[in-house]
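Structural description and commentary
Spelled out from the first residue to the last, the chains are:
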Amino acid sequence: MPELPEVETFARTLKPELVGKTILSAEVYWARTLATPSTDQFKRQVAGQKILDVSRRAKYLILNLEHYNLLIHLRMSGDLIIREGKIKAEKHDRILLQLSDHTVLAFNDTRKFGRIWLTDKPETILGKLGPEPLEKNFTSQWLYENLLNRKRLLKPLLLDQTFIAGLGNIYTDECLHIAQLHPLSLSNTVTQEKAGALHKAIRTVLKEGIRRNGASIDWVYRGGEFQNHFRVYGRDGEACPVCGTIIQKLTVGQRGTHICPVCQHMR
DNA sequence: AGGGAAACCCGAACGC
DNA sequence: TGCGTTCGGGTTTCCC
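None of the values given here were measured: they were computed from a predicted structure. Just so you know, the residues in each chain are numbered from 1, in the order the chain's sequence is written. Written order decides the labels, with chains lettered from A and ligands numbered from 1. The predicted nature of this model means local features are confined to residues of pLDDT at least 70 and side-chain atom pairs, given and counted, to a pLDDT of 80 or more, with totals for whole chains, interfaces and linings taken over all residues. Heavy atoms from the whole structure form the basis of all side-chain values; hydrogens and water molecules are not counted.

1. A few points about the packing of helix α1 (residues 4–18) against helix α7 (residues 192–211)
Two quantities define a packed helix pair, namely the angle between the axes and the distance from one axis to the other. At a minimum axis distance of 8 Å, the contact between α1 and α7 shows a crossing angle of 45°. One element, α1, and the other, α7, form an angle in the oblique class. At the point where α1 passes α7, the crossing takes the right-handed sense. Where α1 approaches α7, its residues Leu4, Pro5, Glu8, Thr9 and Arg12 are matched on the opposing element by Leu206, Gly209 and Ile210. Classifying every residue of the contact of α1 with α7 by side-chain character gives 4 nonpolar, 2 polar and 2 charged. Structural elements are reduced to axes, namely lines fitted to C-alpha atoms, with helices fitted over the stretch in contact, and the angle between N-to-C directions of any two is expressed from 0 to 180 degrees. Helical segments are the DSSP runs of H or I of at least four residues, strand segments are the runs of E of at least two, and each set is numbered from the N terminus. Orientation is classified from the angle alone, with under 35 degrees giving roughly parallel, over 145 giving roughly antiparallel, 65 to 115 giving roughly perpendicular, and any other angle giving oblique. In this scheme the handedness of a crossing depends on how the near helix is turned from the far one: anticlockwise by less than a right angle means left-handed, clockwise means right-handed. In what follows, residue pairs with any heavy atoms lying within 4.5 Å of each other are defined as contacts. Residue type decides the class: Asp, Glu, Lys and Arg count as charged, Ala, Val, Leu, Ile, Met, Phe, Trp, Tyr, Cys and Pro as nonpolar, and the leftover types, Gly among them, as polar.

2. Regarding the protein's contact with DNA strand C
Nearness of a residue to a molecule or strand requires only that one of the residue's heavy atoms be within 4 Å of it. Taken together, 15 residues sit near DNA strand C, with His73, Arg111, Tyr233, Lys249 and Arg255 positioned nearest. At the protein interface, 66% of the atoms of DNA strand C within 4 Å belong to sugar or phosphate. Contacts described as polar in this section are N or O atom pairs within 3.5 Å, which, within protein, must combine one atom able to donate a hydrogen with one able to accept it, while residues neighboring in sequence count only if both atoms come from side chains. In this structure, Arg75 approaches DNA strand C through a side-chain N or O atom, which is 3.1 Å from a base nitrogen. Here a phosphate oxygen of DNA strand C sits 3.4 Å away from a polar atom, N or O, in the main chain of Asn169. Its residues placed into classes, the surface near DNA strand C shows 5 nonpolar, 4 polar and 6 charged.

3. Brief notes about the packing of aromatic side chains
Working definition: rings of Phe, Tyr and Trp (its six-membered ring) pair if their centres are within 6.5 Å, and the pair is stacked with planes under 30 degrees apart, edge-to-face with planes over 60 apart, and tilted otherwise. Enumeration according to the criterion identifies 6 aromatic pairs in this entry. An aromatic cluster of at least three residues, connected via ring pairs, comprises Tyr171, Phe226, Phe230 and Tyr233. Either the NZ atom of lysine or the CZ atom of arginine qualifies as a charge over a ring when it sits within 6 Å of the ring centre and within 35 degrees of the ring normal. The lysine or arginine in question, Lys112, covers the ring of Trp30, its NZ or CZ lying 3.5 Å from the ring centre.

Right, here's the structure in full:
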């Protein structure tokens, strides 16, 4: 769920609310949420740090502090909530930060998959990520050449964050359907024309997701509405919006995958 | 190098 | 109604 569009929405929302505030103290309720450092070190290092900026890289939220970067990955069920008052744990709260203006930033995460890093070397985590698909260095030509460079199943390659940063399972299915490519086709068999179609589809789908504030597919609602506009994701058994053929569900790289068997023919 | 599987988690949705 | 089971999301790690 927290694929690029949703995290982008979070970053935009949080920026004006957090920039300029100081983190006074922290409480950790689920230590595994903290990828690094240890709980004690985290509490010590984060205390007194002013939030200078809020941004996003791939699916990571970045709180730029005076001496560190706080990297937050929401995974599927993670949520950031700003509450009034003092630190007081609520259901599924994993880490709470007391802010200087009598508010609390809560990292609430039902499934405990989300991770937070406090580091002065964010490149060690962000450095391996592929290009941002909405930036200008992600071109159709770049995509074509790099698909050609490898011999990978198309869908797992698109999900690989070191190849392109930000696509998750939902958006990948949507992109492949628009570009009329089969998820099991090999990356080095994609023609220049198809690579162009895929490039265009990736940008279209991500922009649409951002415009609709992300997708809220599980019972964990976050206000997105892109889920009402899926073309194939979760629509197995329904008609393909392009040709009317029944959409099929299959498994590719252990991920639920939805295709129109006619539009996305293997060749 | 690439792919499969398991692990990490929970609650919804299902089957009986 | 109340059990037990299955599922899925993103990522890492291990194995072939």
